[in-house]
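Architecture at a glance
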Amino acid sequence: MTALSVLDLAPIVQGSSVADALSSATRFAQVVEEAGYERLWYAEHHNSAALASNATALLIANAAANTRTLRIGSGGIMLPNHSPLAVAEAFGTLANLYGPRIDLGLGRAPGTDPRTAAILRRGARDDDEQHFARSIQLLAWYFGEQEDDAESVQLSFGVHAEVARNTHVPLWVLGSSTAGAAIAGQLGLPYAAASHFAPFQLSEAIWTYRQMFNPSAPTAQIAEPYVMAGANLMVAPSHEEAEYLFTSHQQMFLGIRRGERGPIKPPVAEMDWAPHEQQMAESALRVSAVGAPAEAAEFLRTFAASYGVDEIILTGYSHDPALRERSFRLLAEEWGKVPAA
């Protein structure tokens, strides 16, 4: 059976505070663990009034401290925003604190608008594919023996990250196009596709990843290709209620496209959007399991089989945190049932 995981962006709902959002995220981590999901990841975002997932490593530490067995990680750390050394030290510390439960998913997008990205990067422009791949190679070295051969010294300038040494934190490459998929394949790492908001090149990306996969690469951590793909989720007892609740997610997406970044809004009976906006949103969010439990589970099983996906990572927003928790619980209960032959 395809594994199910969860992506949380610590949503801030209208009428609540950041403290409320973080408290909700803590409770949600416990719900995710109790429901039996494979892993919980946090995505790095900045300059957003809707999302509190800014300091990703801190959210991971909080979730790990409040769970016992759940894998916790980043989906992802936007590597151009950080030095590999700082990332290695943060995640090496997490691995030493919480053992082999920590994942490090790495992306190349800024996770924010261009102006904020420029401030985060302090003017640096090292965000091309080659630099991204070399940064991942450096991180793999930090999490290993950190032996000083000629190639590693060229990468690290002889600087070590003692807290990361021999922690062997699992690395993932995130992407929404064939470029990220190719890097994941060449480095012999698992690939996570951002199909929950950018499904347009999913088939090509998975094909590229599998074609390029090199289990003999020095950075390789798996023997065979492994694909995780993102999907949106809203499950309720009835299809009609799920569709209604999903309008909070649609409103957030529409607000981003309009440049109106605000907290998660209450659901509405009818979306107020122009035809081209509706078409754009429905296309970008087409990998969405919205409906009653059996309906959502069937959508996800069909999606996984159609694309050869090994794991699905689910994200979803609700103005009422309790209804988001219910959504993920309902799906987990349904997923555990044996599908009819």
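So, here's what we can say about the structure. Note that the structure is predicted; figures quoted are calculated from it, not measured.

Counting secondary structure elements, the chain contains twelve helices and nine strands. At 20 Å, the chain has a C-alpha radius of gyration in line with the 20 Å of a compact globule built from 341 residues. Overall size of the chain, expressed as C-alpha extent along the three principal axes, is 60 × 50 × 40 Å. The buried share of the chain, reckoned over its 341 residues, is 53%. If you take every contact in the chain between residues at least 6 apart in sequence, the share linking residues at least 24 apart comes to 72%. Working note: accessible area of the chain is about 15,000 Å², and carbon and sulfur atoms make up 53% of it. Within the chain, one finds 23 positive and 37 negative side-chain charges whose respective centroids are separated by 3 Å.

The next subject is the environment of A236. Following the sequence through the fold, A236 ends up in the loop between β7 (227–235) and α9 (239–258). Judged by relative accessible area, which is 0%, A236 ranks as buried. For the pair A236 and E34, spaced 202 residues apart in sequence, the C-alpha separation works out to 19 Å.

Looking now at a negative patch on the surface. A contiguous patch of negative charge on the surface is contributed by E145, E147, D148, D149 and E151. Taking relative accessible area as the criterion, E147 reaches 55% and is therefore assigned exposed.

For helix α10 (residues 275–284), the complete set of buried residues consists of E277, A281 and A284. Considered in projection along α10, the buried side chains sweep an arc of 70° and stay on one side of the axis. Turned more than 90 degrees off the buried face of α10, the exposed positions are P275, H276 and Q279. Buried-residue contacts for α10 involve α9.

Here the focus is the side chain of S5. You can see S5 is positioned in strand β1 (residues 3–8). Dropping the residues within four chain positions of it, S5 is found in contact with Y37, E38, R39, E311, I312, I313 and L314.

This part is about the packing of helix α2 (residues 56–65) against helix α3 (residues 84–98). Two quantities define a packed helix pair, namely the angle between the helix axes and the distance between the axes. Look at α2 against α3: their axes get within 11 Å of each other, and the N-to-C directions meet at 5°. In terms of orientation, α2 lies roughly parallel with respect to α3. Here A57, I60, A61, A64 and A65 of α2 come into contact with α3, specifically with A90, F91, L94 and Y98. Its residues placed into classes, the contact of α2 with α3 shows nine nonpolar, no polar and no charged.

Now for the pairing of strand β3 (residues 71–78). Among the eight residues of β3, seven are classified as buried, and the element is accordingly described as predominantly covered. Here four bridges tie strand β2 (residues 39–42) to β3, and the two strands are oriented parallel to one another. Across the sheet, W41 pairs through a bridge with G73, a residue of β3. Handedness of the β-α-β unit built from β2, α2 and β3 comes out right-handed. Of the pairings in the sheet, the one linking β3 to strand β4 (residues 102–107) comprises six bridges and is parallel in character. The partner of G75 across the bridge, within β4, is G105. Since β3 and β4 lie parallel, the crossover through α3 that links them has a hand, and here it is right-handed.

What counts and what doesn't
Residue positions are given per chain, counting from 1 as you read along its sequence in written order. Given that the model is predicted, a residue must reach a pLDDT of at least 70 before its local features are reported, and side-chain atom pairs must reach 80 or more before they are shown or counted; all residues, however, enter totals for whole chains, interfaces and linings. The side-chain values count all of the structure's non-hydrogen atoms but skip hydrogen atoms and water molecules. Each helix corresponds to a stretch of at least 4 residues labelled H or I by DSSP, and each strand to a stretch of at least 2 residues labelled E; elements are numbered beginning at the N terminus. For the radius of gyration, the atom set is restricted to C-alpha positions; the globular benchmark scales as 2.2 Å times the number of residues to the power 0.38. Accessibility here uses a 1.4 Å probe with only protein chains present; expressed as a share of the type maximum, an area under 20% marks a residue as buried, one over 50% as exposed, and anything in between as partly exposed. Two residues form a contact once any of their heavy atoms are found within 4.5 Å. The Shrake-Rupley method, run with a 1.4 Å probe sphere, supplies the accessible areas, and residue values consider only the shown protein chains as cover. A residue counts as positive if it is Lys or Arg and as negative if it is Asp or Glu; His and the chain ends are not included. Just so you know, the charge point we use is NZ for Lys, CZ for Arg, CG for Asp and CD for Glu. Patch membership needs two things, relative accessible area over 30% and no salt bridge, and members are linked within 9 Å if like-charged or within 5 Å if nonpolar (Val, Leu, Ile, Met, Phe, Trp, Tyr). Any carboxyl oxygen of Asp or Glu that lies within 4 Å of a side-chain nitrogen of Lys or Arg is treated as forming a salt bridge with it. Read the arc as the range of directions from the helix axis to the C-beta atoms. Each axis is a line fitted through C-alpha atoms, and for a helix only the stretch in contact is used; angles between axes span 0 to 180 degrees, taken between their N-to-C directions. Angular relationships are summarised with four words: roughly parallel below 35 degrees, roughly antiparallel beyond 145, roughly perpendicular across 65 to 115, and oblique for the angles in between. Classification convention: Asp, Glu, Lys, Arg as charged; Ala, Val, Leu, Ile, Met, Phe, Trp, Tyr, Cys, Pro as nonpolar; all other residues, Gly among them, as polar. Paired strands are those between which DSSP finds at least two bridges. Viewed with both strands pointing away, a crossover whose connecting path from the first strand over the helix to the second turns clockwise is right-handed.

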